[in-house]
Amino acid sequence: MKELVEVIAKALVDYPDEVTITEKTEGRNVVVELHVAASDMGKVIGKQGRIAKAIRSVVKAASSKDNMRVDVEIM
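Nothing here was measured: the structure is a model prediction, and the numbers come from that model.

Quick word on the pattern of salt bridges
Under the criterion given, the structure shown has four salt bridges. For Lys-10, the salt bridge goes to Glu-6, with nearest N and O atoms at 3.2 Å. Taken together, the positions of Lys-10 and Glu-6, both in helix 1 (residues 2-12) and four residues apart, correspond to about one turn of that helix.

Right, here's the structure in full:
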């Protein structure tokens, strides 16, 4: 899931070199933390959080086949 979030985030931002992703696994729960430059935060979140919701939906769909629960947190 880390790679999927990384590809999506780097396509959205102006500074793809500053995108960092950490992944924490606790049993069947995975937390993916996305860190971007301050100037790119709005591009990743989008108006009314639409892009953030879309990223979470894609990751949820991809993780459902592995029977995992993945949460994406934007830092």
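What follows continues from the structure just given.
Let's talk about helix 3 (residues 50-64)
Compared with the 21 Å implied by 1.5 Å per residue over 15 residues, the 21 Å span of helix 3 between its first and last C-alpha is a close match. Buried within helix 3 are the following residues: Ala-52, Ile-55, Val-59 and Ser-63. Down the axis of helix 3, the smallest arc covering the buried residues is 65°, so these residues share one side. For helix 3, exposure combined with an orientation more than 90 degrees from the buried face picks out Arg-50, Lys-53, Lys-60 and Ala-61.

Some details on the pairing of strand 1 (residues 20-26)
Here seven bridges tie strand 1 to strand 2 (residues 29-35), and the two strands are oriented antiparallel to one another. Within strand 2, the residue paired with Thr-22 across the bridge is Glu-33. Remark: two residues form the turn of the hairpin made by strand 1 and strand 2, two consecutive strands paired antiparallel; Gly-27 in that turn has positive phi of roughly 70°.

Cut-off values and rules
- Residues numbered from 1 in each chain as written.
- Predicted model: local features only at pLDDT ≥ 70, side-chain atom pairs only at ≥ 80, totals over all residues.
- Heavy atoms only, no water.
- Salt bridge = Lys/Arg side-chain N within 4 Å of Asp/Glu carboxyl O.
- Helix = DSSP H or I, 4+ residues; strand = E, 2+ residues; numbered from the N terminus.
- Expected span 1.5 Å × (residues − 1).
- Buried < 20%, exposed > 50% of the residue type's maximum accessible area, 1.4 Å probe, protein only.
- Arc of directions from axis to C-beta.
- Pairing = 2+ DSSP bridges.

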